[in-house]
Amino acid sequence: MTQHKHESHPQIHARLKRAHGHLARVISMLEDQEPCTNIAQQLFAVEKAITNAKRTLIHDHIDHCLSPTTATKDPDAEGFKTITKYL
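Right, let's walk through the structure included here. Only a predicted model underlies this, so the values are computations on that prediction, with no experimental measurement involved. (Residues numbered from 1 in each chain as written. Predicted model: local features only at pLDDT ≥ 70, side-chain atom pairs only at ≥ 80, totals over all residues. Heavy atoms only, no water.)

1. Quick look at the overall build of the protein chain
Here is step 1: Counting secondary structure elements, the protein chain contains 4 helices and 0 strands.
Here is step 2: Counting over 87 residues, the protein chain shows a buried share of 23%.
Here is step 3: Counting only carbon and sulfur atoms, one obtains 59% of the accessible surface of the protein chain, whose full area is about 6,700 Å². (Helix = DSSP H or I, 4+ residues; strand = E, 2+ residues; numbered from the N terminus. Buried < 20%, exposed > 50% of the residue type's maximum accessible area, 1.4 Å probe, protein only. Areas by Shrake-Rupley, 256 points an atom, 1.4 Å probe, with all protein chains shown as cover.)

Structural data, given as structure tokens:
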């Protein structure tokens, strides 16, 4: 299996580290019995960070794998790239 690093991997790594920090904060907030509203806000931050990391990874992968030369050979390729923007 070939491993490769996309340009977005450092950005994704940073987003996931941020999510990790938010999640650690949620755990301590639960232990400290902080208000549910504050906990929900932190959980929202975790969710957004992970969603954005996933979206970036998928878009980067698709852009890398469906280069303009590939897209011109396969008319469905550009439609596939477009629909993934709704992830």
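2. Notes on the environment of Ile58
Here is step 1: Relative to the elements of secondary structure, Ile58 occurs in helix H2 (residues 36-65).
Here is step 2: Sequence separation between Ile58 and Thr84 is 26 residues; the distance between their C-alpha atoms is 8.1 Å.

3. Quick look at helix H1 (residues 9-31)
Here is step 1: The end-to-end C-alpha distance of H1, which contains 23 residues, comes to 33 Å, matching closely the 33 Å that a straight helix rising 1.5 Å per residue would cover.
Here is step 2: Residues of H1 that are buried: Ile12, Ala19, Val26 and Met29.
Here is step 3: Elements that come into contact with the buried residues of H1 comprise H2.
Here is step 4: With its phi angle positive at about 55°, Gln33 sits one or two positions after the end of H1. (Expected span 1.5 Å × (residues − 1). Contact = heavy atoms within 4.5 Å.)

That is the geometry; function is a separate question.
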